[in-house]
Amino acid sequence: MGLRELTAYLVKASIGVLAGAASAYVSVLAHWALTIPLAAGVYLLVTYATLGLIRRDNPHLTGRRAWTLAVGAYSTVWLTCWLLFYNLIA
């Protein structure tokens, strides 16, 4: 794993915390079903923003691998933070 891949993991995990808090806030104010499109949209934006960093380090990286890099870290952190913040503010 290169330094830029590690940076992508850390950025996506950090954004997952913020997206989890935002999702909990949206769940309280509106319907919970809006949280999943919100989280997916944030993931797509962050991935698109970090795609250049990842591909500069690994030019042989395929498109699918670049888009799925750190999806597990993001979704785990997002779900955990969503549940935590929802229980704190609800």
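The residue numbers shown here count from 1 along each chain, following its written sequence. This being a predicted model, a pLDDT of at least 70 is required before a residue's local features are given, and a value of 80 or more before pairs of side-chain atoms are given or counted; all residues contribute to the totals for chains, interfaces and linings. To obtain the side-chain values, all non-hydrogen atoms of the structure were included, while hydrogens and water were left out.

### Section: the environment of valine 17
Then, number 1: By the secondary structure assignment, valine 17 is in helix 1 (residues 3–29).
Then, number 2: C-alpha of valine 17 to C-alpha of tryptophan 67: the two residues are 50 residues apart in sequence and 19 Å apart in space.
Then, number 3: It only takes one pair of heavy atoms within 4.5 Å for two residues to be counted as in contact. Apart from residues no more than four positions distant in its own chain, valine 17 is found in contact with Val77, Cys81 and Phe85. Where helices and strands are cited, they refer to DSSP runs of H or I of at least four residues and of E of at least two residues respectively, numbered from the N terminus.

### Observations concerning the side chain of threonine 35
Then, number 1: Structurally, threonine 35 can be placed in helix 2 (residues 35–57).
Then, number 2: Reaching out from threonine 35, the side chain makes a polar contact with the backbone oxygen of tryptophan 32 at a distance of 2.6 Å. Side-chain atoms alone can form a polar contact between residues adjacent in sequence; in general such a contact is a pair of N or O atoms within 3.5 Å, and within protein one must be able to donate a hydrogen while the other accepts it.

### Points about the nonpolar core
What tends to happen in soluble globular proteins is that the nonpolar side chains get buried as a cluster.
Then, number 1: Throughout this description, the term nonpolar core refers to a set of buried Ala, Val, Leu, Ile, Met, Phe, Trp, Tyr and Cys residues connected via side-chain atoms within 4.5 Å. Per-residue accessibility, obtained with a 1.4 Å probe over protein chains only, is compared with the maximum for each type, and a residue is labelled buried under 20%, exposed over 50%, and partly exposed between these values. The biggest cluster of nonpolar side chains holds seven residues, and these are Ala19, Ala24, Ala39, Tyr43, Tyr74, Trp78 and Trp82.
Then, number 2: Mapped onto this core, the elements with two or more residues apiece are helix 1, helix 2 and helix 4 (71–89).
Then, number 3: Those residues within four positions of tyrosine 43 in sequence are excluded, and the remaining contacts are Lys12, Trp67, Thr68, Leu69, Ala70, Val71 and Tyr74.

### Here we look at helix 4
Then, number 1: Expected helix span is given by 1.5 Å per residue-to-residue step, counting one fewer step than there are residues. Between its first and last C-alpha, helix 4 extends 26 Å over 19 residues, near the 27 Å set by a 1.5 Å rise per residue.
Then, number 2: Those residues of helix 4 that fall on the buried side of the exposure criterion are Tyr74, Trp78, Cys81 and Trp82. Viewed end-on, helix 4 has its buried residues packed into an arc of 115°, placing them on one side of the element. Here the arc refers to the directions that run from the helix axis out to each C-beta atom.

In short, the description is geometric, and any link to function would need to be established separately.
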